[in-house]
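This is what each chain is made of:
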Amino acid sequence: MATERKAEVVRDTSETQIRVAINIDGSGRQHLDTGVPFLDHMLDQIARHGLIDLEITARGDLHIDAHHTVEDVGITLGQAFAKAMGDKKGIRRYGHAYVPLDEALSRVVVDFSGRPGLEFHVPFTRAMIGQFDVDLAHEFFQGFVNHAQLTLHVDNLRGDNAHHQCETVFKAFGRALRMAAELDPRAVGTIPSTKGSL
């Protein structure tokens, strides 16, 4: 590989202090410490299924709730992803995945379009997964999409267990990212767009 697709981003605000380091062409190694255990579990799915090396540490105002931490982790991860992807030459650009977990099934489709867009359709069957507010899943992906500059469609097609619904979404997201970010040996040095840029 000509250049390593790695990046590190630090975000420091009055609400959160976050560090993200990624290697897009990794093996799924991860070190996750956000202070939100369920978020760590979901980030682990992205790393393992996306084969992305991921280091994330976060300190946030969890005495209020997890909203700022989850959203800002999404923002910072999106920034790191955009930085690591560089000019996007030679990538496949599009990626998709269907992932089941018992009764649950989700589909995620990614386009490294250079334009932020999120369609998130996950009818969670309950409001909380343990201490995790399911609304925060949307906040994570919105933050990621806005800063990674990609189009993301997320659909949970079926599911009765909210944990299963959420986990299939994050697993499918990791796999779709992996496919879209993969370098295509038939498209070395080219931009997969008629515009000539992404």
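Just above sits the structure.
To start, this report covers the structure provided alongside it.

Conventions and cut-offs
- Residues numbered from 1 in each chain as written.
- Predicted model: local features only at pLDDT ≥ 70, side-chain atom pairs only at ≥ 80, totals over all residues.
- Heavy atoms only, no water.
- Helix = DSSP H or I, 4+ residues; strand = E, 2+ residues; numbered from the N terminus.
- Expected span 1.5 Å × (residues − 1).
- Buried < 20%, exposed > 50% of the residue type's maximum accessible area, 1.4 Å probe, protein only.
- Axes fitted to C-alpha atoms, helices over the stretch in contact; angles between N-to-C directions.
- Parallel < 35°, antiparallel > 145°, perpendicular 65-115°, else oblique.
- Left-handed = near helix turned anticlockwise from the far one by under 90°.
- Contact = heavy atoms within 4.5 Å.
- Nonpolar A, V, L, I, M, F, W, Y, C, P; charged D, E, K, R; others polar.
- Pairing = 2+ DSSP bridges.

Considerations on helix H4 (residues 162-181)
Given 3.6 residues per helical turn, the α-helix brings residues three or four places apart onto the same face. Its 20 residues place the ends of H4 29 Å apart at the C-alpha level, agreeing with the 28 Å of an ideal helix rising 1.5 Å per residue. With respect to burial, H4 is a largely interior element, 16 of its 20 residues being buried.

Here's the deal with the packing of helix H3 (residues 135-148) against H4
Contact geometry for H3 and H4: axes closest at 12 Å, N-to-C directions at 15°. The orientation of H3 with respect to H4, classified from their angle, is roughly parallel. Of the two possible hands of crossing, H3 and H4 adopt the one that is left-handed. On H4, the residues touching Ala 137, Phe 140, Phe 141 and Phe 144 of H3 are Cys 166, Val 169, Phe 170, Phe 173 and Leu 177. When its residues are assigned to classes, the contact of H3 with H4 shows 9 nonpolar, no polar and no charged.

Observations regarding the pairing of strand E3 (residues 30-33)
Across 4 bridges, E3 lies against strand E4 (residues 53-60) in parallel orientation. In the strand pairing of E4, Asp 33 is matched with Thr 57.

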